[in-house]
Amino acid sequence: LGAGLTVSFLSKSHVSTFRVYCEKSSGFVRPAGGIRHYFTVHVFPNRPAMHTFWRMKRKRIGVPSRAEDFIAITCVWNASPSPLIGQLLFTRESINFGTVSHEATHAAIGWASIIGLKPSKVISPLQGYMNASRSEEQFCWVQGYLVSQFWNRFYQLGPDKGRRRS
């Protein structure tokens, strides 16, 4: 999907909702203490619906006001003791490879911060050739896993599939 393309199977009047997880139950990136962190993804039918949701959510959780001209947004709850650590909000029109990857990167940075992965060990200037650190590999794996799950779940949604909210 390039910029400006939409997928017709997403509801034009409902919000499609699904989860993307940061860790698998086993493998390279395992959950600390058995907690699999996740983000809830909401795909809104249009920008006004997404912005209304965001205004209500931001007031409820105490996030300072910001310009509301965004086409997609990631909200990470750094102090969350629960497995749910944030939300990714999109509109039908904003769904494309670049926007999803961009928002998943914000989500992966939030996840890294919550689990204590040091950003300086993840993103560092290269000085000649060097192998990626374990932290960098974990971070990149999670970002790719988030994007992969997004697209897998996105394409599983059809006109009558997925949880919908009015």
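Residues numbered from 1 in each chain as written. Predicted model: local features only at pLDDT ≥ 70, side-chain atom pairs only at ≥ 80, totals over all residues. Heavy atoms only, no water.

Here we take up the nonpolar core. F39, V41, F90, W111, L146 and F150 are the most contacted members of the largest nonpolar core, which totals 27 residues. Contributions of two or more residues to this core are made by strand 1 (15–21), strand 2 (38–44), strand 4 (84–91), helix 2 (97–115) and helix 4 (134–156). Take this core: its biggest share by element is seven residues, from helix 4. Ranked by size, the runner-up nonpolar core spans 10 residues in total, among them F44, W54, F70 and L89. (Core = buried A, V, L, I, M, F, W, Y, C linked by side-chain atoms within 4.5 Å. Buried < 20%, exposed > 50% of the residue type's maximum accessible area, 1.4 Å probe, protein only. Helix = DSSP H or I, 4+ residues; strand = E, 2+ residues; numbered from the N terminus.)

Burial within strand 2 is extensive, with seven of its seven residues counted as buried. Burial of strand 2 is two-sided: the residues Y38, T40, H42 and F44 facing one way and the residues F39, V41 and V43 facing the other way are all buried. With six bridges connecting them, strand 1 and strand 2 associate as antiparallel partners. The partner of Y21 across the bridge, within strand 2, is Y38. Sheet analysis places strand 2 next to strand 4, joined by seven bridges and oriented parallel. Bridged to F44 within strand 4 is T91. (Pairing = 2+ DSSP bridges.)

What follows concerns the environment of V15. For V15, the position within the fold is in strand 1. Accessibility expressed as a relative area gives 6% for V15, which makes it buried. Residues V15 and F90 lie 75 residues apart in sequence; the distance between their C-alpha atoms is 9.8 Å.

The next subject is the confidence of the model for the chain. Averaged over every residue, the pLDDT of the chain is 76; residues scoring 70 or more account for 69%. When pLDDT is averaged over each helix and strand of the chain, the minimum, 48, is found for strand 5 (residues 163–165) and the maximum, 94, for strand 2. Per-residue pLDDT stays below 50 along residues 1–10; that stretch engages in 26 contacts with residues further than four places along the chain or on separate chains. Taken as a whole, residues 162–166 scores under 50 in pLDDT and shows 17 contacts with residues more than four places along the chain or in a different chain. (pLDDT = per-residue confidence, 0-100. Contact = heavy atoms within 4.5 Å.)

Mapping A112 onto the fold places it in helix 2. Taking the relative accessible area as the measure of exposure, A112 reaches 5% and is therefore buried. Separated by 26 residues in the primary sequence, A112 and Q138 have C-alpha atoms spaced 8.9 Å apart. Once residues lying within four places of it in the same chain are set aside, the contact partners of A112 are L117 and F139.

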